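Understanding the architecture of this molecule
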Amino acid sequence: MSRKQDEPVAGLPMRPKLATSVSVHPPRDAESRWVIERRGAKYYRVGSDVAKAARLLTGEHDRDDLLDLLGDPWDEAALEQLLGQFQSMRLLDDGRSATRTSTVPRRLVFVPPLTLQISLFNPSAMLTRLAPLTEVLSRRGPLALVAAVIVGGLLALAWHAADLRQALSYPVSGGTFLIFLLGVLTFTAIHEVAHGAVLTHYGAHPRRMGFMLFYLVPAFFCDVSEGWLLPRNKQRVRVALAGIVAQLACAGLCALAALVVGAPEARSCLLLLAASMYLAGVVNLVPFVKLDGYLALMAHLDIPNLRAKAIADARNAVSVTLFGARRERELPGLRWAVPYGLACMVFPVYLVGFVAFAMWSRVLGGSGIVGALLVLTALSALAMMLVKGLRNLVAAARAGGASLVRIGAVGVLATGALVLALGQVQVTQTVNGFYLEDADGVRLVMPTSVPTDRIESGQQVELRTNGMVRRPVTGSATVASDTASETELSALRFLPVELDVDLPTTYLVYELETQDAPATSEGTAKVESGERSLGGWLYAQYIEPAL
C-alpha cells in the first residue's frame, strides 16, 4: 500500500537529498570499492548497491520513486534503514548546511580526544610540482640510499654517544636552541610534505596542511584522509609511513654531518637534531593514538575506524567484567582487539599525563605563581579526561544492559579504593628548585610559590645539571638554615637554554652546606622532605603552590 506523499517517516525527509558536502566516488579499478566522502574528513567505503542508492538521493525522488528505481533486492524496510544511517552520519541535507561544501574546509578543526588543527593552505599545487622528484625517490636505488643514510646515522650517533650525552645534560646557548628549533620545525614540515607527496604520487590529493596542538605538543599536519580513495592497501600504508621515512632520513643526515663538523657547538646542535628526529620517528610508529603507525596498521588491515572499534570492544570487555553487561563486538574477527583497545584507552592518558604534562610542568615549575596556576590547569584537564573515560565506560555498561544497582556498587567500591589509596599510600615528598654557586658559597634557590615550611635545616639536597633532557647528579649538600632571604633573579635564568634576557622575579634563597661540590656553578636542585600520603603529596605538589 502506497504512503501519502506528504507523510514523513521516522523524521526523514520525503525527498531525501545528499548534503552539498557529500560526494560519491566510483571505484578506481576492479579491486577497489565505491567511497562516500563527507567534507574531505570522513570516508565510507560501500558496496555498489549502496552507492547506487546514494547517487539517486538528489531531492527529486520520494521514497516510492527510489524503490522503483532501485528494484530488487531493495524493499521499504531496507531503504528506511539506509536513510536512517545516512542521516545519523550527517550525509543528508538538513537544510542548514547548504552553503558549506567539501571544497571549503574549515580553518579550525578539533579532533577528539585532544588535537586542535589550524589549516594554513592547500598544498595540492606545490605537491604536483614536486611529483617528478617523488617519482625519482620512489625507485629502488634512491630508496636503498635512504635506508643506508638512516642506518649510517644511527652508527654515527653511537660513535658520538659521549658528545650526545653532554648535549642532553647541560644547557645550550640561545643560538644553538634557535637553530635546533628551526631544524625541528623544518624536518617536521618535510615529514608532512612526504605524506602529501606520496599521496599525490598515487593520484589523490591532500586538501589541508597546517599547524596543530597534538596532546598539547605543537606540530604540523597534512590531511591525507583522501588516501581512502586509493584502491590498494599497500598504497595507503606507504602514504602513512612516508613521513617517518623522511624524518629518519633527515635524522641520519644530521648525525652523519656531525662526523665531519669540527665546531663543538655546531656538532652538539646536529646531534640534538638527529636524536630528536630518530625519537620522533619511533614515537610516530606507536599504533595506540592517531599517529602514522596507527594509520599504517589501519590501512594494512583495511579496517576503517580501527581504534574506535577496538576501544568499543575494550569497554565492552570491561563492562562484562565489572558490571555484567554485554554487547556485540565491533571486531569479532580480531582476537587481539580487546587488549589493543585497552592500550588505546590508556596511552593518551599516559601521553598527556607523563609526557606533555611532565614537560610543561618542568618548564613552568620555576616561574612562580603563574607557572603553578598553568600546571594546575593542565592537571585539571587530565582529570577531566579520566572522568570522561569513566563516563563513557558507564554509558557502555548501560547500553549493554547493566543494572544501576551493580554500577552503583562498583562505583562505591572504586571510590572507597581511591580514598584509601590517597590516604594510605606513602610517597616520598620532593621539592624541586635550583642552586647557585658564587663567592658566598652554594645557595638553594626556590620559587616563592614553594611554602617555606617545606624547607628545613638538615634536609638532603641533590645538585643536578639543568639539561634539556638529562639532569645527572653532580654534587650533594644539606640545608644549613631554616630561614630564607629574598633575592631578584631572572625567571629565564633557570631554563635549559642560556638567554641573555632579564625578567626580574623574586626567589627565596637558603644557605647550603656542601658534601660534594657541584661540577657547574648553577643547575637544578632536588630536596627530599620526608614521606607524605598520596593525597597530601598531590595537594602539596600542585594545588598548594597555586594557592
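Computed from a prediction, not measured in an experiment: that's the story for all the values here.

Glancing now at the overall build of the chain. Scanning the chain for helices and strands turns up 16 helices and 16 strands. Looking at the chain residue by residue over its 547 residues, the buried ones come to 41%. The long-range fraction of contacts in the chain, counting pairs at least 24 apart against all pairs at least 6 apart in sequence, stands at 70%. Per element, the accessible surface of the chain, about 28400 Å² overall, is 62% carbon and sulfur.

Whenever strands of a sheet pair, they do so through backbone hydrogen bonds, lying parallel or antiparallel. Spatial strand order, β4-β5-β7-β8: four strands in an open sheet with antiparallel pairing. Each having just a single partner strand, β4 (108-111) and β8 (217-222) make up the two edges of the open sheet. For this sheet, the mean inter-axis angle between neighbouring strands, taken without regard to orientation, is 25°. Note that β4 and strand β5 (residues 115-121) share four bridges and pair antiparallel. Paired with Val 111 across the bridge in β5 is Thr 115.

The subject of this paragraph is the pairing of strand β9 (residues 426-438). Strand residues, when the strand is regular, have side chains that alternate between the two faces of the sheet. Sheet topology places β9 next to strand β16 (residues 522-533); ten bridges connect them, and they run antiparallel. Bridge pairing in β16 links Leu 436 to Glu 522. With five bridges joining them, β9 and strand β10 (residues 441-447) adopt antiparallel strand pairing. Looking across to β10, one finds that Glu 437 is bridged to Val 442. Where β9 folds back onto β10 in an antiparallel hairpin, the turn is made up of two residues.

Time to look at the pattern of salt bridges. A complete count under the given rule lists twelve salt bridges for this structure. Salt-bridge contacts for Glu 80 lead to Arg 63; the nearest nitrogen and oxygen are separated by 3.0 Å. Taken as a pair, Glu 80 in helix α3 (residues 76-88) and Arg 63 in helix α2 (residues 63-70) lie far apart in primary sequence, 17 residues in all. Take Glu 80 and Arg 63: they sit in the same class, and that class is buried. Put simply, Arg 207 and Glu 226 hold a salt bridge, and the shortest N to O gap is 3.3 Å. Pair noted here: Arg 207 is in the loop between α8 (174-201) and β7 (209-214) and Glu 226 is in the loop between β8 and α9 (233-258), with a separation of 19 residues, a long-range link. Counted as one network, the salt bridges with shared partners bring together Glu 37, Arg 207 and Glu 226.

If you look at the biggest cluster of nonpolar residues, it comprises 27 residues, and the most contacted ones within it are Leu 157, Phe 180, Phe 187, Cys 254, Leu 272, Leu 273 and Tyr 278. Those elements that provide at least two residues to this core are α6 (140-159), α7 (161-169), α8, α9 and α10 (264-284). Counting residues per element, this core draws most heavily on α10, at eight residues. With 23 residues, the next largest nonpolar core counts Val 22, Val 50, Leu 70 and Trp 74 among its residues.

Time to look at the packing of α6 against α10. The geometry of α6 relative to α10 is characterised by a closest axis approach of 11 Å and an angle of 125° between their N-to-C directions. Between α6 and α10, the interaxial angle falls into the category oblique. In this structure, the crossing between α6 and α10 has a hand that is left-handed. When α6 is examined against α10, the residues Val 149, Ile 150, Gly 153, Leu 154 and Leu 157 are found in contact with a partner set consisting of Leu 271, Ala 274, Ala 275 and Tyr 278. Taken together, the residues of the contact of α6 with α10 sort by class into eight nonpolar, one polar and no charged.

Okay, the environment of Pro 231 next. For Pro 231, the location among the structural elements is in the loop between β8 and α9. With a relative accessible area of 16%, Pro 231 lands in the buried category. As for Pro 231 and Pro 27, which are separated by 204 residues in sequence, their C-alpha atoms are 7.5 Å apart.

Strand order in the open sheet made by the three strands is β1-β2-β3, with antiparallel pairing throughout. Of all strands in the sheet, those with a lone pairing partner are β1 (22-25) and β3 (42-46), marking the two edges. Across this sheet, the average inter-strand angle for adjacent strands is 20°, counted without regard to direction. Inspection of the sheet shows β1 paired to strand β2 (residues 34-38) by four bridges, in the antiparallel sense. Bridging from a neighbouring strand, Val 24 pairs with Ile 36 of β2.

We now examine α2. Buried within α2 we find Arg 63, Leu 66, Leu 67 and Leu 70. Buried residues of α2, seen end-on, are gathered within an arc of 100° and therefore sit on one face of the element. Buried residues along α2 sit in contact with α1 (48-55) and α3. One side-chain oxygen at the N-terminal end of α2 lies 3.1 Å from the backbone nitrogen of Asp 64; it belongs to Asp 62. Following α2 by one or two positions, Gly 71 has its phi on the positive side, about 70°.

A separate point is helix α12 (residues 306-323). Residues separated by three or four positions in an α-helix point in the same direction, a consequence of the helix having 3.6 residues per turn. Here α12 spans 25 Å end to end across 18 residues, near enough to the 26 Å set by a 1.5 Å rise per residue. Trailing α12 by a residue or two, Gly 324 shows a phi angle of about 75°, which is positive.

A ring pair, where both rings are aromatic, is described by two values, the distance of the centres and the angle of the planes. All told, the structure shown has seven aromatic pairs when counted by the stated rule. Note on Phe 288 and Phe 347: the rings are 5.9 Å apart at their centroids and 55° apart in plane angle, and the pair reads as tilted. You can see Phe 288 sitting in the loop between α10 and α11 (292-301) and its partner Phe 347 sitting in helix α13 (residues 337-364), a full 59 residues away along the chain. Look at Phe 347 and you get buried, because its relative accessible area is 18%. Between Trp 336 and Tyr 340, the aromatic rings sit 5.5 Å apart at their centres with planes inclined by 85°, giving edge-to-face as the arrangement. Members of the aromatic cluster, each reached through a chain of ring pairs, are Phe 288, Trp 336, Tyr 340 and Phe 347.

Rules of the game
Residues numbered from 1 in each chain as written. Predicted model: local features only at pLDDT ≥ 70, side-chain atom pairs only at ≥ 80, totals over all residues. Heavy atoms only, no water. Helix = DSSP H or I, 4+ residues; strand = E, 2+ residues; numbered from the N terminus. Buried < 20%, exposed > 50% of the residue type's maximum accessible area, 1.4 Å probe, protein only. Contact = heavy atoms within 4.5 Å. Areas by Shrake-Rupley, 256 points an atom, 1.4 Å probe, with all protein chains shown as cover. Pairing = 2+ DSSP bridges. Axes fitted to C-alpha atoms, helices over the stretch in contact; angles between N-to-C directions. Salt bridge = Lys/Arg side-chain N within 4 Å of Asp/Glu carboxyl O. Core = buried A, V, L, I, M, F, W, Y, C linked by side-chain atoms within 4.5 Å. Parallel < 35°, antiparallel > 145°, perpendicular 65-115°, else oblique. Left-handed = near helix turned anticlockwise from the far one by under 90°. Nonpolar A, V, L, I, M, F, W, Y, C, P; charged D, E, K, R; others polar. Arc of directions from axis to C-beta. Polar contact = N/O pair within 3.5 Å; in protein donor to acceptor, adjacent residues only side chain to side chain. Expected span 1.5 Å × (residues − 1). Phe/Tyr/Trp six-rings, centres within 6.5 Å; stacked < 30°, edge-to-face > 60°.

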